[in-house]
Amino acid sequence: MLSTLEKGLPLALYANLVTMTQLRSDSQRQRRSRNSKNINVTGGKLVVVEFDKKKEIRIADLFSGSGGAAMGLHRAFTGVPHKIVGFDILPMPRYPAFHDAEYAKHFEFHQQDALTVDLSGFDAVWASPPCQAYTPLRARYPEKTYPDLIGETRDALRLGVQPWIIENVMPAPIGRDAVLCGTMFGLRVYRHRRFEASDLFMFVVPEHPRHKYRTGSGHGQTQRKAHYLAGNFVTVTGNVGSYAGAAMGIDWMTGAELSQAIPPAYSEYLGRQLLAAIDGSGEGVMAL
Ligand SMILES: C[S@@+](CC[C@H](N)C(=O)[O-])C[C@H]1O[C@@H](n2cnc3c(N)ncnc32)[C@H](O)[C@@H]1O
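One structure accompanies this document, and this report is about it. (Residues numbered from 1 in each chain as written. Predicted model: local features only at pLDDT ≥ 70, side-chain atom pairs only at ≥ 80, totals over all residues.)

## A few points about the overall build of the chain
Counting secondary structure elements, the chain contains 10 helices and 7 strands. Residues counted as buried form 40% of the 288 residues belonging to the chain. When contacts within the chain are restricted to residue pairs at least 6 apart in sequence, those whose partners lie at least 24 apart make up 56%. (Helix = DSSP H or I, 4+ residues; strand = E, 2+ residues; numbered from the N terminus. Buried ≥ 20, exposed ≤ 12 C-beta atoms within 10 Å, placed from the backbone. Contact = placed C-beta atoms within 7 Å.)

## Looking at helix H6 (residues 150–158)
Ile150, Thr153 and Leu157 are the residues of H6 that are buried. Looking straight down H6, one finds that the buried residues subtend no more than 65° of arc, so they occupy a single side. Set apart from the buried face of H6 by more than 90 degrees, the exposed residues are Gly151 and Asp155. Buried residues belonging to H6 abut strand S1 (57–62), strand S4 (124–127) and strand S5 (164–169). (Arc of directions from axis to C-beta.)

## Things to note about the site of the ligand
Every one of the 21 residues lining the ligand counts as a neighbour, but Phe63, Gly65, Gly68, Ser128 and Ala261 are closest to it. Elements with a minimum of two residues in the shell around the ligand: helix H4 (68–76) and strand S2 (82–88). Among the residues making up the shell around the ligand, the classes are represented as 12 nonpolar, 7 polar and 2 charged. (Near = placed C-beta within 6 Å. Nonpolar A, V, L, I, M, F, W, Y, C, P; charged D, E, K, R; others polar.)

## So, unusual backbone geometry
For Phe63, which is not glycine, the phi dihedral falls at a positive 60°. One can find Phe63 in the loop between S1 and H4. Accessibility expressed as a C-beta count within 10 Å gives 25 for Phe63, which makes it buried. You will see that Arg191, though not glycine, has its phi angle at about 40°, which is positive. Take Arg191: it is sitting in the loop between strand S6 (178–180) and strand S7 (193–197).

Here is the structure:
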């Protein structure tokens, strides 16, 4: 079926058809059919739903931290009315909603458990559950317990109808739909992160350049800074110091906040594809 249909199709639609063939079972198709307002694939029938392009697009930014992901999403949505709404269990006074800048009007922040958020009013969801449970840090502090929220987060997102992206560290139990690295965006951090997307949403990812430069990861923070300032790459972990923000493309966070954040370039890149999934613009993902 694909070989005849794919001819002359826009990449967005082709990607969808390819992804549809990856749905594993009829029950999965039926679940999608029930859960999605944008597409009906029952009996192989595709239904295109018009999106009101004047409407404000609302993105829930779950586990927002101080807004590394949020800032990239905002940049991806520049030119269309949008609001990025952050939710974090802790106060986040440096979230972009509180910046003294014109762009602050595109953000909102709520101190709230992300797993209690009513997602029904949102057009898409970004989720960055805490990663400590999946990092080597866990072995270093065996007496500590870290929240393991990825499963619950995914279950909650699957109940919704909107496209979503979950972001986490490489060892985390999420799909390998995309892996991004700072070198893909000209940054002086490697900072590999994995991204899992809702069904029927397929990522396009840039080429991964070879790692040519050493990082200052194994050193104390003072040596790490000197290593970075000498023109090398830096590994952003622990209370690294706000100087490392430049390597991430972030100039509003403390060192401790940076160590939790992703470079906005990552979410800007994937956010453009998310926009395509929401309103049908762009290429590479579904918008049905
Ligand atoms: C990996 S950090 C998020 C980083 C952020 N996406 C960024 O790019 O800057 C995870 C965040 O989840 C928050 N958190 C932990 N448990 C939470 C919960 N149940 N609900 C909301 N936020 C939570 C932490 O306070 C932390 O800020």
